[in-house]
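# Summary of structural features
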Amino acid sequence: MKLLKEKIVQHGKVLSENVLKVDTFLNHQIDPVLMQAIGEEFASRYKDAGITKIVTIESSGIAPSMFAGLTLGVSVVFARKRKSLTLSDNLYTAQVHSFTKNETNDISVSKDFIGSEDVVLIIDDFLANGQAVLGLLDIVKQANAKTAGVGIVIEKGFQKGGALVRELGVRVDSLANIKSLANGKVEFFEEDSTR
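Residues numbered from 1 in each chain as written. Predicted model: local features only at pLDDT ≥ 70, side-chain atom pairs only at ≥ 80, totals over all residues. Heavy atoms only, no water.

## Some points on the overall build of the protein
A count of helical and extended segments in the protein gives five helices and ten strands. The globule rule puts the C-alpha radius of gyration for 195 residues at 16 Å, and the 16 Å found for the protein is close to it. If you line up the protein on its principal axes, its C-alpha atoms span 50 × 35 × 30 Å. For the protein, with 195 residues in total, the buried portion stands at 49%. As displayed, the protein offers around 9,800 Å² of accessible surface, 48% of which is attributable to carbon and sulfur atoms. Across the protein, the 23 positively charged side chains and the 24 negatively charged ones have centroids separated by 2 Å. (Helix = DSSP H or I, 4+ residues; strand = E, 2+ residues; numbered from the N terminus. Rg over C-alpha atoms; globule rule 2.2 N^0.38 Å. Buried < 20%, exposed > 50% of the residue type's maximum accessible area, 1.4 Å probe, protein only. Areas by Shrake-Rupley, 256 points an atom, 1.4 Å probe, with all protein chains shown as cover. Lys, Arg positive; Asp, Glu negative; His and termini not counted. Charge placed at Lys NZ, Arg CZ, Asp CG, Glu CD.)

## Focus on the packing of helix α1 (residues 2–11) against helix α2 (residues 32–45)
One way to put it is that α1 packs onto α2 with a least axis distance of 10 Å and a crossing angle of 140 degrees. Classified by the angle their axes make, α1 and α2 are oblique. The handedness of the crossing between α1 and α2 comes out as left-handed. Between α1 and α2, the contacting residues are Leu-3, Leu-4 and Lys-7 on the first element and Leu-34, Ala-37 and Ile-38 on the second. Partitioned by chemical class, the residues of the contact of α1 with α2 number five nonpolar, no polar and one charged. (Axes fitted to C-alpha atoms, helices over the stretch in contact; angles between N-to-C directions. Parallel < 35°, antiparallel > 145°, perpendicular 65-115°, else oblique. Left-handed = near helix turned anticlockwise from the far one by under 90°. Contact = heavy atoms within 4.5 Å. Nonpolar A, V, L, I, M, F, W, Y, C, P; charged D, E, K, R; others polar.)

## Points about the pairing of strand β7 (residues 119–127)
Of all nine residues that make up β7, nine are buried, and the element is covered over most of its length. Across three bridges, the pairing between strand β3 (residues 53–57) and β7 is parallel. Note that in β7 the partner of Val-55 across the bridge is Ile-122. A crossover links β7 with its parallel partner strand β8 (residues 146–156), the connecting element being helix α4 (residues 131–142), and its sense is right-handed. (Pairing = 2+ DSSP bridges. Right-handed = clockwise from strand over helix to strand, strands pointing away.)

## Brief notes about the packing of aromatic side chains
Applying the stated criterion across every chain, the model contains zero aromatic pairs. In this arrangement the basic side chain of Lys-5 is found over the ring face of Phe-188, its NZ or CZ atom lying 5.4 Å from the centre. Over the face of the ring belonging to Tyr-46 we find Arg-171, whose NZ or CZ atom lies 4.0 Å from the ring centre. (Phe/Tyr/Trp six-rings, centres within 6.5 Å; stacked < 30°, edge-to-face > 60°. Lys NZ or Arg CZ within 6 Å of the ring centre and 35° of its normal.)

## Comments concerning α4
Taking 1.5 Å of rise per residue, the twelve residues of α4 would be expected to cover 16 Å, and the 16 Å separating its terminal C-alpha atoms lies within 8% of that figure. At the exit of α4 stands Asn-144, carrying a positive phi of roughly 60 degrees. (Expected span 1.5 Å × (residues − 1).)

## Describing the sheet that holds strand β4 (residues 75–79)
As summarised here, the arrangement of the six strands in space is β4-β3-β7-β8-β9-β10, forming an open sheet in which the pairing is mixed. With one partner strand each, in any of the chains shown, β4 and β10 (187–188) form the two edges of the open sheet. The strands touched by α2 within the sheet are β7, β8 and β9 (172–180), with β9 carrying the most contacts at an inclination of about 120 degrees.

Purely geometric numbers; function is a separate question.
And the structure:
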C-alpha cells in the first residue's frame, strides 16, 4: 500500500534493527485519512469472504478495524488486556506476551460478541513475533467461529510471526511488509504480502 509505505518512510523512526516507531500516525497520534484508506483496503481484500465480525486487540488495532468495519458494515470487537468491573465472567481468554513491553497479559473477549456463526477478520497494527495474532486466533477458535484471515498494517517480515501464522494455514494480508530496519533505514519486501 503506497500511501502507508510513504508515511512509514517519511514519519517512522527506526529505533533499532527490531523497533520501528510510528506513533505520529498509527499508535499514539492517529492519521484518520490514512486509517480510512487502510480500512478500505482491508475491506476490499475481504469483501467476498462473508465477514460478520472484525476482531482486534486494544488499542492500536482499533482505528484500522473501525474503518474496515464501517466499510464492510460489520461490528468490531476488541480484546481487552485488562480486567474491568463490567467484563469479569463469560469470557474467552488467551495469554499474549508483548516483546515490546516485555510483559504477558491475559486478553479477553465477552462470549456475547463472538459465536460459532461468525466469520472473523482479525486486524492488528503490527505483526512481529506473532503473539497477539496467535492469541486472537485462539479466542476465535474457542468461540467455534471461522477465521477468514488476518489483516496486518505493518509486518516485520524479518521476524518469525508471519511465518508462524502462515504455517497454521491462515491467510495473512500485510499492507506494508518490512524486510529490514538495518542501518536506520526501512526496506520493504516488494512482493505481495498475502499467503
